Amino acid sequence: MKGLLLTEMEMVIPFHDVDSMGITWHGNYLRYFEVVRCQLLDKLGYNYRTMLESGYAWPIVDVQIKYVKSSTFDQKIKVVAAIVEWENRLRINYQIVDVDTNARITKGYTIQAAVEIATQELCFVTPEVFQQKIRPLLDASQV
């Protein structure tokens with residue numbers, strides 16, 4: 001998967017995440033997206049605490065998920081997240097694959113928009129504080 005900044009994590013599907021048939025409940029994939037998104041934002045140096053401290057909230061305004069194949073209890077998976085858009089909104093693409101076979105299980109994206117906390121106004125351009133975090137990545141990709 002390509003993107004301006006990428007991170008991944010491996011995990012084993014726990015028993016409490018599956019239904020009575022041993023298949024991962026569909027809503028848990030969004031939780032896996034959230035965990036890897038937090039890791040990605042930590043890597044960027046602009047996590048949710050930093051966002052709030054900078055005066056912006058970044059609610060999810062759109063989410064899409066495609067269930068390609070089921071995952072099951074005790075299966076080892078890799079969850080990958082990549083920033084693919086950032087100028088006017090933050091789009092992060094996700095992919096979940098089986099670690100052993102590399103078979104795709106799930107893919108999707110989230111879109112977040114900056115909202116100035118003091119005014120509750122939606123920002124149509126990414127705030128400067130976020131742009132400062134992205135610029136070094138842009139400079140590095142042009143070398």
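Taken together, Leu30, Ile60 and Val63 make up a surface patch of nonpolar side chains, about 230 Å² in accessible area. Mapping Val63 onto the fold places it in strand β3 (residues 60-67). Overall, the relative accessible area of 41% leaves Val63 in the partly exposed class.

What follows covers the nonpolar core. Grouped together as the largest cluster of nonpolar side chains are 30 residues, with contacts concentrated most on Tyr32, Trp58, Ile77, Ile83, Ile96 and Phe130. Per-element accounting of this core gives the leading share, seven residues, to helix α1 (residues 28-44). Apart from the residues lying within four places of it in its own chain, the contact partners of Ile77 are Met9, Glu10, Met11, Ile13, Tyr32, Ile96, Val97, Val99 and Ile105.

This paragraph deals with the sheet that holds strand β7 (residues 115-116). Strands in a sheet are paired, the pairing made by backbone hydrogen bonds, and the direction either parallel or antiparallel. Strand order in the open sheet formed by three strands is β2-β7-β8, and the pairing between neighbours is antiparallel. The two strands at the open ends of the sheet, each matched to only one other strand, are β2 (56-57) and β8 (121-122).

So, on to the pairing of strand β6 (residues 104-112). Most of β6 sits out of view: seven of its nine residues are buried. Looking at chain direction, β3 and β6 are connected through seven bridges and run antiparallel. When the bridges of β6 are listed, Asp62 appears paired with Ile111. Across eight bridges, strand β5 (residues 90-98) lies against β6 in antiparallel orientation. Counterpart to Arg91 in the pairing with β6 is Ile111.

Turning next to the packing of aromatic side chains. Applying the stated rule across the entire model yields seven aromatic pairs. For the pair Phe33 and Tyr94, a centre-to-centre distance of 4.2 Å together with 5° between the ring planes defines the contact as stacked. Highlighted residues: Phe33 in helix α1 and Tyr94 in strand β5, separated in sequence by 61 residues. Across the pair, Tyr94 and Phe33 agree in class, each one buried. Both rings, one in Tyr46 and one in Trp58, keep their centres 6.3 Å apart while their planes meet at 85°; by these two values the pair is edge-to-face. On the criterion of sequence distance, the pair formed by Tyr46 in the loop between α1 and α2 (48-53) and Trp58 in the loop between β2 and β3 is long-range, its members being twelve residues apart. Judged on exposure class, the residue Tyr46 and its partner Trp58 are both buried.

How each quantity is defined
Residues numbered from 1 in each chain as written. Predicted model: local features only at pLDDT ≥ 70, side-chain atom pairs only at ≥ 80, totals over all residues. Heavy atoms only, no water. Patch = residues over 30% accessible without salt bridge, like charges linked within 9 Å, V, L, I, M, F, W, Y side chains within 5 Å. Areas by Shrake-Rupley, 256 points an atom, 1.4 Å probe, with all protein chains shown as cover. Salt bridge = Lys/Arg side-chain N within 4 Å of Asp/Glu carboxyl O. Helix = DSSP H or I, 4+ residues; strand = E, 2+ residues; numbered from the N terminus. Buried < 20%, exposed > 50% of the residue type's maximum accessible area, 1.4 Å probe, protein only. Core = buried A, V, L, I, M, F, W, Y, C linked by side-chain atoms within 4.5 Å. Contact = heavy atoms within 4.5 Å. Pairing = 2+ DSSP bridges. Phe/Tyr/Trp six-rings, centres within 6.5 Å; stacked < 30°, edge-to-face > 60°.

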